[in-house]
Amino acid sequence: MSPLDVERIKADFPILNTKSRGNRLVFLDSAASSQKPLAVLDAMDHAYRHHYANVHRGVYEIAERATAEFEKARAKVAKFIGASEARELIFVRNATEAINLVAYSWARANLHAGDAVVISHMEHHANVVPWQMLAAERGIELRWIPMNADFTLDLTRLDILLDGAKLLSVTAMSNVLGTINPLAPLIAAARAHDAFVLIDACQYIPHVATNVRDWGADFVAFSAHKMCGPSGIGALWAKAEILEAMPPFLGGGEMIRDVRLEGFTTNDIPWKFEAGTPAIVEAIGFGAAVDYLDSLGMDAIRDHEMRLTRYALDALHDEFADRLTVYGPRDVSIRGGAISFLFDGIHAHDISQVLDEDGVCVRAGHHCAKPLMRQLGVPATSRASFYMYNDEIDVDCLVAALIKAEKFFAI
Amino acid sequence: MAGLEDLYREIILDHYRSPRNRGELAVPPAHKTEGFNPLCGDEVAVYLDVDSVSGLVVDIKISGQGCSISQASTSMMSDAVKGKSVEEARLLIRAFKALMSIHESKLEGESDGTDLAADLEGVRLGDLEALQGVVKFPVRIKCATLAWNTLQQGLDEIGAELPN
C-alpha cells in the first residue's frame, strides 16, 4: 500500500482549487458532506448530455443505456461494501431515509407494544427520532447504551439492555466524537438475544474498508454525499431474504408488479422499495464515487486519515494545552477523522466565524446529536473533519486560525 | 467585504462578557418562555414579570447559553424592555426585526398594508444598533433574533392568559 499523493488528489477536486474570502479554501467539514472529484462531476455531466432518460421504462436506445448505467452503479456500490448481490442494495435519498425505511417497513411489520429497540447515546438524530416516533406510535420501549468517560460505549450492561430486544441500531462511527464502535461484540451480543441489527455506517463507509457480510448485520445505512458522491442519494443494504419478507415502503410506480382495481402486487427487490423515478444521475455519480475511492484504495485512505488525525490531535494539544477540550478518543486506531473541540469560555459558533474569515471551514453546533451533547454537558462544539484530500498544511491553517480566534475572544 | 469587526462590535463583546439581567424569577408570578436555535443548539429562557394592572414589564431575567451574538442580543434586549410597557416592548421587537431585515409574512416587493416606518418612528434602538452588522452574516441573524422571538412568544402567552 503506497501512501496517498495528497497534492494530486487535491487537483482532482475543482472546489479545493478555489478561494474562500480571498484565502485558499481549507475544507475541514467532510463529516457533514464531502467534496466531489472531477470523475464524479464528469460522469454525471456525461449522463445528462449523452444518455439521459427515465430508467426501466423506455425501449429506445438512450433509455436502455440509462437503465444499464443506473443498474451498473448499483452493482458497483454493492460490491464496494461487500454485498453478495446487487439486489440487496436499495437506493434511497440518504442514510436518514434508509433508517426510516427500516423503521416504517420492517419495524412496523415486526415490532409490537412492549418490544424493545436498543440504540446508543452517541447516535445521530437520524438513528434516534425514527425510533422515538415508533415508540410513541406503537408503545415500543427505547433503550440506550450509555457512554464511558473515554468516549467509547459502555458495554457492561449490554446483555441486560438486549434482553427482550428486537433490534439493535447503532452507529459504526460517531459523527461528533469520531469513535469507532466495536461492531463485532455488539452484533454478537444482539445475535445471542435474537435481535436484528441495523448499522448506521454513514460516517464509517466513506473512510474505512467495509464488508457488510463480515459484519453480520441485517441492515446497513449510508449516504453517497459523504463519500465523494452527489447529494440526494444513499443506500440501504439488507439481506435479500429480509428484504423479500418486508412490506413495501412508499407506494407508486416502479415498486409494483401489477395494479388492479382491487389491489396491487409488488415488484422484485430492490425495485420493490424504489417507488417513483429514482435519482438516476445521482446513482451514476454514486457509482463513479466508489470507483474513485477504489482507485485510491480504502486502506490507503484510512491510513492517511489516521496519520492526519494524530497530527491534528497533537498539534491542538501542543498549541492550546488544557484551554481546548477535545471530545473524542485520543487513540486513532478507534476513531475516525472527526475532531470535536471547544475552547474554555468561547462558543463554537464564534470560533467558526473567525475561522471562516481565513477560509477555514469547520462545523459548529450540536451536529444533530443533541442527546450526546447533553451527555457531554455542552450546547455545541466546533468540529474539524478530514478526508483524503486534507493534509498537514490544512491542519496548520486550522491551528493558526484558532490562535487568532482565541486572541479575538480573550477576556 | 464584511469583516469581523462589523459583527463583533465592542459593545457586543461587552454584553457577552458581562451579560445583564442574568438569573431566574419565581414562576408564578413570573412567566417563563424557552427558545431554541436548532442550528447551533443555543437555548434561552426568558422570565417575564408583567404587571397586569399597569401593563409594564416590571422585571425580566434571562438564563440559557449561546454564542456571543445570541448572548449579547439577549442581554441588550433585557435592558431595553425592562420597565417598558408591553406595547413598547412589542414595538421594540418589530423595530429590532426590521433592523435584522426581517419583514414577517411578506415576500419581497409585497406590502402588508401597514406602514412599518410610521409605526416605528420614534422607536429608539440605542445600543441595539450595534447588532446591525449581523445582517451581513445571514447565518447569524437567527442567533441575534432568538431572544426576541422568545420574548414575543412570552408576551403572547401572557396576553392570552390575561382576562380581556
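Residues numbered from 1 in each chain as written. Chains lettered and ligands numbered in written order. Predicted model: local features only at pLDDT ≥ 70, side-chain atom pairs only at ≥ 80, totals over all residues. Heavy atoms only, no water.

## Some thoughts on the state of the cysteines
Residue and element names in this part refer to chain A. To keep things clear, this is the line we draw: We call a pair of cysteine sulfur atoms a disulfide when they lie within 2.5 Å. In this scheme, a residue with accessible area under 20% of its type's maximum is buried, one over 50% is exposed, and one in between is partly exposed, where area comes from a 1.4 Å probe on protein chains only.
Evaluated as defined, the whole model comprises zero disulfides over all chains. Free cysteine: Cys-361, not disulfide-bonded; nearest cysteine sulfur from Cys-397 at 11 Å. Taking the relative accessible area as the measure of exposure, Cys-397 reaches 27% and is therefore partly exposed.

## Regarding the sheet that holds strand S1 (residues 31-37) of chain B
Residues and elements named next belong to chain B. The condition is simple: Strands are labelled as partners when DSSP assigns at least two bridges between them. Each helix is a run of H or I in the DSSP string that is no shorter than four residues. Each strand is a run of E no shorter than two, and both are numbered from the N terminus. Comment: axis = line fitted to C-alpha atoms, over the contacting stretch for helices; angle = value between 0 and 180 degrees taken between N-to-C directions. Here a residue-residue contact requires only that any non-hydrogen atoms of the pair lie within 4.5 Å.
Across the sheet, three strands lie side by side as S1-S2-S3; this open sheet has antiparallel pairing. Strands at the two margins of the open sheet, each flanked by one partner only, are S1 and strand S3 (57-65). Going from strand to strand, the sheet's axes swing by 20° on average, the running direction of each strand aside. In terms of strand pairing, S1 meets strand S2 (residues 42-50) through seven bridges, oriented antiparallel. Paired with Asn-37 across the bridge in S2 is Asp-42. Where helix H3 (residues 68-81) meets the sheet, it contacts S2 and S3, and its direction lies at approximately 170° from that of S3.

## Regarding the pairing of strand S11 (residues 256-260) of chain A
The side chains of a regular strand alternate, residue by residue, between the two faces of the sheet. Residues and elements named next belong to chain A. Looking at chain direction, S11 and strand S12 (residues 263-266) are connected through four bridges and run antiparallel. Bridging from a neighbouring strand, Asp-258 pairs with Thr-265 of S12. Two successive antiparallel strands, S11 and S12, enclose a turn made up of two residues.

## Focus on the sheet that holds strand S6 (residues 141-145) of chain A
Residue and element names in this part refer to chain A. Sheet architecture is open: seven strands sit in the order S4-S10-S9-S8-S7-S5-S6, paired in mixed fashion. Only two strands of the sheet have a single neighbouring strand rather than two, namely strand S4 (89-92) and S6. If you compare each strand with its neighbour and ignore which way they point, the axes differ by 20° on average. Judged from the five bridges that link them, strand S7 (residues 165-171) and strand S8 (residues 196-200) form a sheet pairing that is parallel. Bridge pairing in S8 places Leu-168 opposite Val-197. Packing against the sheet, helix H7 (residues 183-192) makes contact with S6, S7 and S8, and its axis sits at approximately 155° to S8.

## Quick notes on the domain arrangement of chain A
Residue and element names in this part refer to chain A. As a reminder of what qualifies: Delimitation of the domains relies on an automatic or database domain assignment. Buried area counts how much accessible surface, traced with a 1.4 Å probe, disappears from two parts once they are put together, with both parts' losses summed.
One can read the domain layout of chain A as domain 1 (6-32 + 297-408) and domain 2 (41-295). Taking only C-alpha atoms into account, the centre of domain 1 sits 28 Å from that of domain 2. Summing both partners gives a buried area of about 2,700 Å² for domain 1 against domain 2, and 61% of it is carried by carbon and sulfur. By the criterion of area lost to domain 2, the three top residues of domain 1 are Met-298, Leu-372 and Tyr-387, representing 22% of everything that side buries.

## Let's talk about the packing of helix H11 (residues 298-320) of chain A against helix H14 (residues 392-408) of chain A
Residues and elements named next belong to chain A. Under the convention used in this document: Convention used here: angles under 35 degrees read as roughly parallel, angles over 145 as roughly antiparallel, angles from 65 to 115 as roughly perpendicular, and any remaining angle as oblique. Each crossing is labelled by how the near helix is turned from the far one, with a counterclockwise turn of less than a right angle marking it left-handed and a clockwise turn marking it right-handed. Here the term charged refers only to Asp, Glu, Lys and Arg, the term nonpolar to Ala, Val, Leu, Ile, Met, Phe, Trp, Tyr, Cys and Pro, and the term polar to all other amino acids, Gly among them.
Remark: H11 packs on H14, axes separated minimally by 10 Å, with the N-to-C direction vectors making an angle of 25°. Looking at the two axes, H11 sits roughly parallel to H14. Crossing of H11 over H14 shows right-handed handedness. On H14, the residues that touch Leu-308, Tyr-311, Ala-312, Ala-315, Leu-316, Glu-319 and Phe-320 of H11 are Glu-392, Val-395, Asp-396, Val-399, Leu-402, Ile-403 and Glu-406. The class makeup of the residues in the contact of H11 with H14 is 10 nonpolar, no polar and four charged.

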